[in-house]
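# Summary of structural features
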Amino acid sequence: MPILEIQNVSKQFADHLIVNNVSLSIEKGEFFTLLGPSGCGKTTLLRMIAGLNIPDSGKIILEGQDITTMPPEDRPLHTIFQSYALFPHMTVFENVAFPLKMANWDKAKIHLQVEELLEDVQLTKFAKRYPHELSGGQRQRVAIARSLVDRPKLLLLDEPLSALDASLREHMHIELVKLQEETGITFVYVTHDQHEAMALSSRIAVMNFGEIEQLDLPQAVYTRPKTYFVADFLGKCNLLPAEILAKNDNNTLRLRVANYLEFDTSQDNADEFNVGQKGHFAIRPEKINANRQNQYDNLFSHSAKVKGYYYYGESTLYEFLINDEIKIQAMLSNSKNQTIKFFDEGDDVVISFDPHAGDFLAE
Amino acid sequence: MQVSSKLSKRLIFSGSVGFLFLYIPLIILILYSFNDSRINVGWVGFTLKWYKVLFSDKLLIDAAIHSLLIALIASIASVILGTLAGVALHKYKIPFLSSLIMVPLAAPELLVGVSLLLFFLLINFTLGFASIILAHIAFCLSFVAIAVRTRMHGMDDSLIDAARDLGASPAKAFFLILIPVILPGIIAGGLMAFTLSLDDFVITFFTAGVGASTLPLAIYSMLKMGVTPEINAASTVIILITLTLTVTASKLSPQLFK
């Protein structure tokens, strides 16, 4: 049985449909991520799970119990807010003790439990400090301790790392995964950061305009995007207009891409498409090779010109033009390259890729 | 460097002139309250006798006690009502109501006084302490509401969500989280309400009726016999109280005084 089920949930604010008929189920012990741009409805969905907003329609079920309209204080789950929302007039100790006080624990038990949690997040020394006397990272640890102190069934995290600087954020990625594994508590994580989502999650639901575009493992969402939006939002992607010329056996589609290029691509869901259907061919820049001469007989190859490049350190992103018209990007790794760059602007090259590494996406 | 230090010197100079303009009359009044002379002309010598006269003047002492009592009741009532109004204004953000709360502060006191008098007569309300207190609540409430709203602007709205999320009922979230967080605003508003009520003359004048008297009203009636050193002493005491309360309020809620 899934720990959390969301069934056909919708929510409207004024005239805006923020969450549109969303259904999903989350298994116990998952690190589940809602990923999407701002305004896609991910935070509203999280707030409905927390009980801070009530759905207009649909059901939210926690361990078999319908909690759709249950007040937030009665739900056995907690939220870590973007601002951490530490109570400024309470010490670290009092903040962490708050949920236990609300649950009417007796004083001695509260003391023991809070001490233990503060030890877990290495804040014992700071118990008597006030939130404004702490660093960003310490505040976040207080927020974590406060929401885990009474062992909730579910922890909701609303972009908890966005206030931290880059290096601390990466450190916290490791900490959060460790925390989730150690406690075994189911995490529902909201972020607009695709790298964060892929690094942390067991599964990702990519949201756009209040709907789930794709829900799958991070690798699947990245390598096999199902929609134009998912391909475009997660990482970099070449998205070329394409048309299905023919459907072959063993799930292979014959495509005409950008009016010039023709090749076969295998597709798990080939059944869903028809001959003549239009859409896009999506292929990641790191799947594309570029050389001065054609080196690969088994790959699809075409001549191209170098239009420009962006040096990223570990890799360089090159932009090529096929027939002076079709723009295609290739991410070339700098792992073995001793020179500064492979090509100059205007160089003639041959780009090649395995068409099966790409996907046809319907319009 | 040179330019800025010149500029700051000019600023300090013009600032000082402004403040002197505001405070010279008050300073003279305070000095004369220590002057050993019946008339306010020329310095004769230092004395505290006017304060002795003041504190043995039963009429004035009674009026002062009335004033303090009215200010206390009016400020407590307006703290309660004003806090609720301020919280509601922040939460529901109705622009029309937000401007409307300012009107009692901005409207000419004379108008407010006359309209209150008409209102009390219309509903057959006997003028006296009750009417003064009601009138004072009416204009103090706005001040508290604005102080509370200002404080809430600086507050993280997710604090209340977090309180609910962590197990607090709406009432507990209000009293354990919201009130303590906005308390400086509430106290600042309350102190300002107390001062405004204590110092008010015009509105009190219209709503006092015959029996009731407050310190400003008593001083005004004494003025008919000229400005005596005793009035200087009484005024000095009022200035001191006002100054203390205002400074305390500004310490508690700096945003309110910006």
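Rules used in this analysis
Residues numbered from 1 in each chain as written. Chains lettered and ligands numbered in written order. Predicted model: local features only at pLDDT ≥ 70, side-chain atom pairs only at ≥ 80, totals over all residues. Heavy atoms only, no water. Helix = DSSP H or I, 4+ residues; strand = E, 2+ residues; numbered from the N terminus. Buried < 20%, exposed > 50% of the residue type's maximum accessible area, 1.4 Å probe, protein only. Contact = heavy atoms within 4.5 Å. Areas by Shrake-Rupley, 256 points an atom, 1.4 Å probe, with all protein chains shown as cover. Lys, Arg positive; Asp, Glu negative; His and termini not counted. Charge placed at Lys NZ, Arg CZ, Asp CG, Glu CD. Domains from an automatic or database assignment. Buried area = accessible area lost by both parts, 1.4 Å probe. Salt bridge = Lys/Arg side-chain N within 4 Å of Asp/Glu carboxyl O. Polar contact = N/O pair within 3.5 Å; in protein donor to acceptor, adjacent residues only side chain to side chain. Pairing = 2+ DSSP bridges. Right-handed = clockwise from strand over helix to strand, strands pointing away. Axes fitted to C-alpha atoms, helices over the stretch in contact; angles between N-to-C directions. Expected span 1.5 Å × (residues − 1). Arc of directions from axis to C-beta.

## Focus on the overall build of chain B
Within chain B one finds 12 helices and zero strands. N-terminal to C-terminal, the α/β element order of chain B is α-α-α-α-α-α-α-α-α-α-α-α. Based on the C-alpha atoms only, the size of chain B along its principal axes is roughly 70 × 70 × 30 Å. In chain B, which comprises 258 residues, the proportion classed as buried is 41%. Here the analysis covers contacts within chain B between residues at least 6 apart in sequence; of these, 73% occur between residues at least 24 apart. For chain B, the accessible surface area stands at approximately 14,200 Å², while carbon and sulfur atoms represent 77% of it. With 16 positive and 11 negative side-chain charges, chain B shows a spacing of 8 Å between the two charge centroids.

## Examining the domain arrangement of chain A
Residues and elements named next belong to chain A. Assigned domains of chain A: these are domain 1 (4-229) and domain 2 (236-362). In this complex, domain 1 contributes eight residues to the contact, which on the side of domain 2 involves 10 residues. Both faces combined, the contact of domain 1 with domain 2 buries some 860 Å², and carbon together with sulfur accounts for 47% of it. Contact with domain 2 buries surface across domain 1, with Tyr222, Arg224 and Tyr228 losing the most and accounting together for 68% of the total.

## Some details on the environment of Met70 of chain A
All names here are of chain A. Structurally, Met70 is set in the loop between strand E5 (65-66) and strand E6 (77-80). Assessed through its relative accessible area of 17%, Met70 is described here as buried. Taking the C-alpha atoms as reference points, Met70 and Ile54, separated by 16 residues in sequence, lie 8.8 Å from one another. If near-sequence neighbours (up to four positions away) are discounted, Met70 is found in contact with Gly51, Gln65 and Arg75.

## Topic: the interface of chain B and chain A
At the junction of the two partners, chain B supplies 18 residues and chain A supplies 22 residues. Of the roughly 1,700 Å² buried between chain B and chain A, counting both surfaces, carbon and sulfur atoms make up 64%. On the surface where chain B and chain A come into contact, there are two salt bridges. For the pair chain B and chain A, the interface holds seven residue pairs in polar contact (both at pLDDT 80 or more). Mapped by element, the contributors of at least two residues to the side of chain B that touches chain A are helix H8 (158-165) and helix H9 (170-199) of chain B.

## Comments concerning the pairing of strand E8 (residues 186-191) of chain A
Note on strand geometry: in a regular strand, side chains alternate between the two faces of the sheet. Residues and elements named next belong to chain A. Among the six residues that make up E8, six are buried, leaving the element largely enclosed by the rest of the structure. With burial as the criterion, each face of E8 is covered, one bearing Thr186, Val188 and Val190 and the other bearing Phe187, Tyr189 and Thr191. In terms of strand pairing, strand E3 (residues 31-35) meets E8 through five bridges, oriented parallel. Within the sheet, the bridge partner assigned to Thr33 lies in E8 and is Tyr189. As defined by bridge partners, strand E7 (residues 154-158) adjoins E8 across five bridges and the pair is classed as parallel. Residue Asp158 lies in a different strand from E8, and its bridge partner there is Val190. In terms of handedness, the path from E7 via helix H5 (residues 166-183) over to E8 forms a crossover that is right-handed.

## Observations concerning the environment of Phe96 of chain B
Of note, Phe96 of chain B is situated in helix H4 (residues 95-100). Sequence spacing of Phe96 of chain B and Pro108 of chain B is 12 residues, and the spatial spacing of their C-alpha atoms is 20 Å.

## Topic: the sheet that holds strand E15 (residues 288-291) of chain A
Residue and element names in this part refer to chain A. Pairing is antiparallel across the open sheet formed by five strands, whose spatial order is E15-E19-E16-E17-E18. Single-partner strands in this sheet number two, and they are E15 and strand E18 (326-333). Strand-to-strand twist in this sheet, taken as the mean axis angle between neighbours without regard to direction, amounts to 45 degrees. Pairing between strand E16 (residues 300-311) and strand E17 (residues 315-322): six bridges, direction antiparallel. Residue Lys305 lies in a different strand from E17, and its bridge partner there is Leu321.

## Description of unusual backbone geometry
Here the phi dihedral of Tyr84 of chain A falls at roughly 70 degrees; this positive angle occurs in a residue that is not glycine. You can see Tyr84 of chain A is positioned in the loop between E6 and helix H2 (92-102). According to the relative accessible area criterion, Tyr84 of chain A is buried, its value standing at 5%. A positive phi angle, close to 60 degrees, is found at Asn124 of chain B, a residue other than glycine. Summarising the element assignment, Asn124 of chain B is placed in the loop between helix H6 (109-122) and helix H7 (129-153).

## Examining helix H3 (residues 107-120) of chain A
All names here are of chain A. For H3, built from 14 residues, the straight-helix expectation of 20 Å at 1.5 Å per residue is met to within 8% by its first-to-last C-alpha distance of 20 Å. Taken together, the buried positions of H3 are occupied by Ile110, Gln113, Val114, Leu117 and Leu118. Take H3 and look down its axis: the buried residues cluster within an arc of 135 degrees, on one side only. Exposed residues on H3 whose side chains face more than 90 degrees from its buried face are Ala108, Leu112 and Glu119. Against H2 and helix H4 (136-148) lie the buried residues of H3.

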